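# Residue-level structure breakdown
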Amino acid sequence: MKKKIVLLLICLLTISSLVGCSKKEEKINIGVSFGVGEATRWQKEKTYMEEKAAELGVNIEVRLNRTDTPLTQTEDCIEMIDQGIDVLILTPRDVTNVEEIISYAKEKNVPVISYSRTVLNQYVDLVVGYDSYRLGQTMGQYLSESVYTGDYIILKGDPSDSNAQLTYDGAMRYIDPMRDDINIILEEAVPGWSRELAKEMVIEAIQNNGGNVDAILAPNDKIAGGCAEAVKELGIDHHVVITGMDAELDAIQRIINNEQDMTISLDLQMLASTAIEEAVLLASGKKPKVNTEVSNGYSTPVPGYLITGIEIVKQNINSEIIEKGFYTTEEVYGN
């Protein structure tokens, strides 16, 4: 009888051990939803996230929801939650319209990381992104130090993107004190971060101003491209200072050709990798890395991990872009 009991206990301990091992060996599942436009950065970030997830031995599914079809971003997120993800990394299409996603994730005990764009008026477990206010300061300072007087165009990004307002606020810290010395001929948001719409807006504003402009605050490189095209098509015979952000290849080439003056290099690999590392911490029940608090309209600030970018001008393209491997010499300068 005693032998049977001992054998039974051994069996139970063995089964318990196997179950424990099985649980330990279960992979973490991360779901990512990008509710974004056509900028090239998002495909890069998708690749970086997948590479980091493979390095850490976790499962990942990244969905680029560009048009809300065939599924809306909300439907995408709910579907991934129902499929058993442990953490949701969310770049919202509309930062003010994510309550259903956040509520459902909370109901299912799935932590949410707000990535690149900060969810507004909702509690999220972490914000991972760039310090958009400081990025705006970089652009505003560059313009203010380059063009002291003259005609300015001030463009903001998409109204539904909280980063657009933060970038604008940062830039205006330097431009607002100049209002008595400059003439702002256009100060508007660009819905959808549309290059084509920005070009139309700039052409109309310049034509209404007798064909003149001296400085353009463009909040990213897509919009900067539209502005540069407008200036060229209108045949303006003096240099117009144009900012940008994202360090896209065509923007780097415009800087070389004196059609754009600066952009900001955002280390997308660092940002994407950080988001995956933080997701693994949250899925493991550990505290995420935090270096700030973000006021997003919720009753209390939410935890944040923010990083900054590097100003790129013609003089540092080789050291900051080519030598760091963002683009090759051939891509930047041609054969």
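Look up a bit, the structure's there.
Residues numbered from 1 in each chain as written. Predicted model: local features only at pLDDT ≥ 70, side-chain atom pairs only at ≥ 80, totals over all residues. Heavy atoms only, no water.

## Some points on helix H8 (residues 221–233)
Stated precisely, the cut-off is as follows: The secondary structure listing takes helices from DSSP runs of H or I that are at least 4 residues long and strands from runs of E that are at least 2 residues long, numbered from the N terminus. What a helix should span is 1.5 Å times the count of its residues minus one. Only protein chains enter the accessibility calculation, which uses a 1.4 Å probe. A residue is then buried if its area is under 20% of the maximum for its type, exposed if over 50%, and partly exposed in between. The criterion used for residue contact is that any of the two residues' heavy atoms lie within 4.5 Å. We call two N or O atoms a polar contact when they sit within 3.5 Å, provided that within protein one can donate a hydrogen and the other can accept it, with sequence-adjacent residues counted only if both atoms are side-chain atoms.
With 13 residues, H8 extends 18 Å from end C-alpha to end C-alpha; this agrees with the ideal 18 Å at 1.5 Å per step. Taken together, the buried positions of H8 are occupied by Asp221, Ile223, Ala224, Gly225, Gly226, Cys227, Ala228, Ala230 and Val231. Close packing links the buried residues of H8 with strand S6 (150–156), helix H7 (195–208), strand S8 (215–217), strand S9 (241–242), helix H9 (249–256) and strand S10 (263–265). Where H8 begins, one side-chain oxygen reaches toward the backbone nitrogen of Lys222, 3.3 Å away; that side chain belongs to Asn220. Gly235 sits one or two positions beyond H8 and adopts a positive phi of about 65°.

## Looking at the nonpolar core
Grouped burial of nonpolar side chains is what soluble globular proteins tend to show. Stated formally: By nonpolar core we mean a set of buried residues, namely Ala, Val, Leu, Ile, Met, Phe, Trp, Tyr and Cys, connected to one another through side-chain atoms within 4.5 Å.
Ile30, Met49, Ile89, Tyr115 and Tyr152 are the most contacted members of the largest nonpolar core, which has 48 residues in total. Top contributing element to this core by residue count: helix H10 (residues 268–283), with eight residues. Excluding its chain neighbours within four sequence positions, the residues that come into contact with Ile30 are Val58, Asn59, Ile60, Glu61, Ile85, Val87, Ile89, Ile276, Ala279 and Val280. Leu155, Ile206, Ile216 and Ile242 belong to the second-largest nonpolar core, a separate cluster that totals 24 residues.

## Some remarks on the environment of Thr263
Residue position: Thr263 is located in strand S10. Taking the C-alpha atoms as reference points, Thr263 and Gly244, 19 residues apart in sequence, are found 4.3 Å from one another. Not counting residues within four places of it along the chain, the set of residues in contact with Thr263 comprises Asp221, Gly244, Met245, Asp246, Ala247, Ile252, Ile255, Ile310, Glu311 and Ile312. Engagement of the side chain of Thr263 in a polar contact is seen with the side chain of Asp221, the distance being 2.9 Å. At 3.1 Å, the side chain of Thr263 forms a polar contact with the backbone nitrogen of Ala247.

## Some points on the sheet that holds S9
Here is the rule we go by: Paired strands are those between which DSSP finds at least two bridges.
The four strands lie next to each other as S7-S6-S8-S9, forming an open sheet whose pairing is parallel. The sheet is open, and its two edges are formed by strand S7 (182–189) and S9, each paired on a single side. In this sheet, S9 lies alongside S8 in parallel orientation, the contact comprising two bridges. Paired with Ile216 across the strands is Ile242, a residue of S9.

## Some details on the packing of helix H3 (residues 73–82) against helix H4 (residues 99–107)
To keep things clear, this is the line we draw: With axes taken as lines fitted to C-alpha atoms, and helix axes fitted only over the stretch in contact, angles between N-to-C directions fall between 0 and 180 degrees. Here is the rule for angles: anything less than 35 degrees is roughly parallel, anything more than 145 is roughly antiparallel, 65 through 115 is roughly perpendicular, and the remaining ranges are oblique. Note on residue classes: Ala, Val, Leu, Ile, Met, Phe, Trp, Tyr, Cys and Pro are nonpolar, Asp, Glu, Lys and Arg are charged, and everything else, Gly too, is polar.
It is the contact of H3 with H4, at a shortest axis distance of 9 Å, that shows an interaxial angle of 10°. In this view, H3 runs roughly parallel relative to H4, as classed from their interaxial angle. Contacts from Gln73, Thr74, Cys77, Ile78, Ile81 and Asp82 of H3 reach H4 at Glu100, Ile101, Tyr104 and Ala105. Residues belonging to the contact of H3 with H4 are distributed by class as follows: six nonpolar, two polar and two charged.

## Quick look at the pairing of strand S5 (residues 126–130)
Summarising burial for S5: five of the five residues are buried, a large majority. Of the strand pairs in this sheet, S5 and strand S12 (residues 302–307) are connected by four bridges, and their pairing is parallel. Paired with Gly129 across the two strands is Leu306, which belongs to S12.

## Quick notes on the sheet that holds strand S4 (residues 112–115)
Read across the sheet, seven strands follow the order S2-S1-S3-S4-S5-S12-S11 without closing on themselves; strand pairing throughout is mixed. With partners counted over all chains shown, the strands left at the sheet margins are strand S2 (59–64) and strand S11 (292–294), one partner each. In this sheet, neighbouring strand axes are inclined to one another by 25° on average, regardless of whether the strands run parallel or antiparallel. For strand S3 (residues 87–91) and S4, the ladder comprises three bridges, and the chain directions are parallel. Paired with Leu88 across the strands is Val112, a residue of S4.

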